[in-house]
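Spelled out, the chains give:
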Amino acid sequence: MKNQENIFSQPLADRVRPGRLDDFMGQKNAVGPGSFLRSAIETDVVPSLILWGPPGTGKTTLARIVANETKAKFVQLSATLAGKKDLKAVVVEAEGLVRSGTRTIVFIDEIHRWNKAQQDALLPSVEDGTVILIGATTENPSFQVNAALLSRCRVIVLDRLEAEDIEEILSRALKDKKTGLGNVSVKKGKGVLRFLANLSNGDARFALNVLETAVTQNTNLTKELLKKVLQKSHLLYDKNGEEHYNIISALHKSMRGGDADAAVYWVVRMLEGGEDPLYIARRLVRFASEDIGLANNTAVLLANAVFEVCHKLGMPECGVHLAHCAIYLAKSPKSVSAYDAYELARKDVLQYGNLPIPLHIRNAPTKLMKDLGYGRGYKYTPKEESAGQEYLPGQLKGRKYVK
């Protein structure tokens, strides 16, 4: 098949989609025996759904299966291309089908890309049952889907697929003579499908696309061929989305818990996913005072030095410096005294406002200020005892912020 044009016009990932629930791989929690969705399909009482999960986990496939199993008309819209006008046309057609006893499933891919007005336009037809909505999103629906629409839908969470599931999907695609690559004489090396599955980060579509590209280049499927197609491993990392905050949280908590190995792993995950090294460096500087603080004052010096190194060198050179710093911070003793002191003092500042500064610790550069009592009675501590001298405003006398 090398240098031969593929006889199929559709991508492999689209051609080999399973049409039955029993052939759907993975997602046992979502569609396994006894699950809500499987029971809803089997009893033919499927509500409107929001399918939330990473790319390539089967959201579109599952929506099509629901339509097949319930014998409903399936209409797919892309939120990046379709608008209210397209939706209205679908609803009008669905209203006619309702009278003949046929239900309509409207599948909206990337529903999080629709604005509030567009999402609101769905409410009446979802509310009265004219259509069954199945929305797919890679973003947290709590933040990206209107509360009114979300309350009318059941959220089904799809996890990234396990490597074993993707390996089975790839194996099926190679054997499938009707829609897959079963008519192509593919020779595969030992462990090559698991190798691809591991590099796919739970994304079946990505794995199938790589497989198809590799086979069109050479029917002798090897790890070296896959590396050539891949160039570098595919990493799920959205610098502006939830994954960004999840991973930086994982790094912070790993260092706080003293796990240097996990800290290095999360640093590398971010860097290989394209994160700005200065962002990571800023978080390390913050951690050095927030979680280590007085237990090791050298930590903030190292973190700040690494920030400067990242600014001067950039990637890939500064990666090892970030790993160095993360290891040091993870292994360092911890103290939150400085963090707690700041928060306690901040609470008083916000509660009491601009309290007057005690006269004896005010600066007195002019005669008038001295006559008004500025600086009067101040004890110069390097040369005299300061017992009893107050430094806080009167209302806060005796306050203890540092423990």
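Everything below is about the structure printed above this text.
Residues numbered from 1 in each chain as written. Predicted model: local features only at pLDDT ≥ 70, side-chain atom pairs only at ≥ 80, totals over all residues. Heavy atoms only, no water.

### Some thoughts on the packing of aromatic side chains
We apply this condition: Side-chain rings of Phe, Tyr and Trp (the six-membered ring for Trp) are treated as a pair once their centres are within 6.5 Å; stacked means planes under 30 degrees apart, edge-to-face means over 60, and tilted covers the remaining angles. Here a strand is any run of E in DSSP of at least two residues, a helix any run of H or I of at least four, and the numbering for each starts at the N terminus. With a 1.4 Å probe rolled over the protein chains alone, any residue whose accessible area is under 20% of its type maximum counts as buried; one over 50% counts as exposed, and the rest are partly exposed. Criterion for a charge above a ring: Lys NZ or Arg CZ within 6 Å of the ring centre, and within 35 degrees of the ring normal.
One pass over the full model with this rule turns up 2 aromatic pairs. When the centroid spacing of 6.0 Å and the interplanar angle of 25 degrees are considered together, the rings of phenylalanine 74 and phenylalanine 107 count as stacked. Taken together, the positions of phenylalanine 74 in strand β2 (residues 73-78) and phenylalanine 107 in strand β3 (residues 104-109) put the pair 33 residues apart, joining distant regions of the chain. Phenylalanine 107 sits in the buried class, given a relative accessible area of 0%. Ring geometry for tyrosine 265 against tryptophan 266: centres 4.8 Å apart, planes inclined by 75 degrees, an arrangement best described as edge-to-face. Sitting over the ring of phenylalanine 36, arginine 154 keeps its end group 3.8 Å from the ring centre. Taking NZ or CZ as reference, arginine 362 lies 5.0 Å from the ring centre of tyrosine 374, over its face.

### Some thoughts on a nonpolar patch on the surface
We apply this condition: Any residue with relative accessible area above 30% and no salt bridge may belong to a patch, with like charges joined within 9 Å and the nonpolar Val, Leu, Ile, Met, Phe, Trp and Tyr side chains within 5 Å. Using a 1.4 Å probe, accessible areas were evaluated by the Shrake-Rupley method; residue-level cover was limited to the displayed protein chains. Whenever a carboxyl oxygen of Asp or Glu lies within 4 Å of a side-chain nitrogen of Lys or Arg, that contact is scored as a salt bridge.
A grouping of Tyr378, Tyr380 and Tyr391 is seen on the molecular surface, where their side chains present a nonpolar patch of about 330 Å² in accessible area. On the basis of relative accessible area, tyrosine 378 is assigned to the partly exposed category, the value being 38%.

### Description of the environment of leucine 294
As a reminder, the rule being used: Two residues qualify as a contact provided that any one of their heavy atoms is within 4.5 Å of a heavy atom in the partner residue.
Assignment of secondary structure puts leucine 294 in the loop between α16 (277-292) and α17 (298-313). Once the C-alpha coordinates of leucine 294 and arginine 113 are considered, the two residues, 181 residues apart in sequence, prove to be 46 Å apart. Excluding its chain neighbours within four sequence positions, the residues that come into contact with leucine 294 are Ser335 and Ser337.

### Regarding the nonpolar core
Here is the rule we go by: The definition of a nonpolar core used throughout is a set of buried Ala, Val, Leu, Ile, Met, Phe, Trp, Tyr and Cys residues joined through side-chain atoms within 4.5 Å.
Counting residues in hydrophobic clusters, the biggest one holds 29 residues, and the most contacted among them are Leu12, Leu170, Leu196, Leu208, Leu211, Leu221 and Leu226. Counting residues per element, the ones that place at least two in this core are α1 (12-15), α10 (163-175), α11 (192-198), α12 (204-217) and α13 (223-230). If you tally residues by element for this core, the top one is α12, at 8 residues. Apart from residues no more than four positions distant in its own chain, leucine 196 is found in contact with Leu170, Ala207, Val210, Leu211 and Leu226. One finds Ala281, Ala303, Leu322 and Ala326 within the second-largest nonpolar core, a separate group that totals 28 residues.

### Re the packing of helix α15 (residues 260-272) against helix α18 (residues 319-331)
Note the following rule: Fitted lines through C-alpha atoms give the axes, limited to the stretch in contact for helices. The angle between two N-to-C directions lies from 0 to 180 degrees. An angle below 35 degrees is treated as roughly parallel, one above 145 as roughly antiparallel, one from 65 to 115 as roughly perpendicular, and anything else as oblique. Here a crossing is called left-handed whenever its near helix is offset anticlockwise from the far helix by less than a right angle, and right-handed whenever the offset is clockwise. When residues are grouped by polarity, Ala, Val, Leu, Ile, Met, Phe, Trp, Tyr, Cys and Pro land in nonpolar, Asp, Glu, Lys and Arg in charged, and all others, Gly among them, in polar.
Between α15 and α18, the shortest axis-to-axis distance is 8 Å and the interhelical angle comes to 150 degrees. One way to sum up the angle between α15 and α18 is to call them roughly antiparallel. At the point where α15 passes α18, the crossing takes the right-handed sense. Contact with α15, carried on its side by Ala260, Ala263, Val264, Val267 and Leu271, involves Gly319, Leu322, Ala323, Ala326, Ile327, Ala330 and Lys331 of α18 and no other residues of that element. The residue inventory of the contact of α15 with α18, partitioned by class, reads 10 nonpolar, 1 polar and 1 charged.

### Overview of α12
What counts is decided by this rule: Multiply 1.5 Å by the residue count of a helix minus one, and that product is the helix's expected span. N or O atoms within 3.5 Å of each other form a polar contact, as long as, within protein, one can give a hydrogen and the other can take it, and as long as residues adjacent in sequence are counted only when both atoms are side-chain atoms.
Across its 14 residues, α12 extends 20 Å between first and last C-alpha, which sits within 8% of the 20 Å expected from 1.5 Å per residue. Among all positions in α12, only Ala204, Phe206, Ala207, Leu208, Val210, Leu211, Glu212, Ala214 and Val215 are buried. If you follow the buried residues of α12, they end up packed against α1, α10, α11, β7 (220-221) and α13. The N-capping residue of α12, defined by a side-chain oxygen 3.1 Å from the backbone nitrogen of arginine 205, is aspartate 203.

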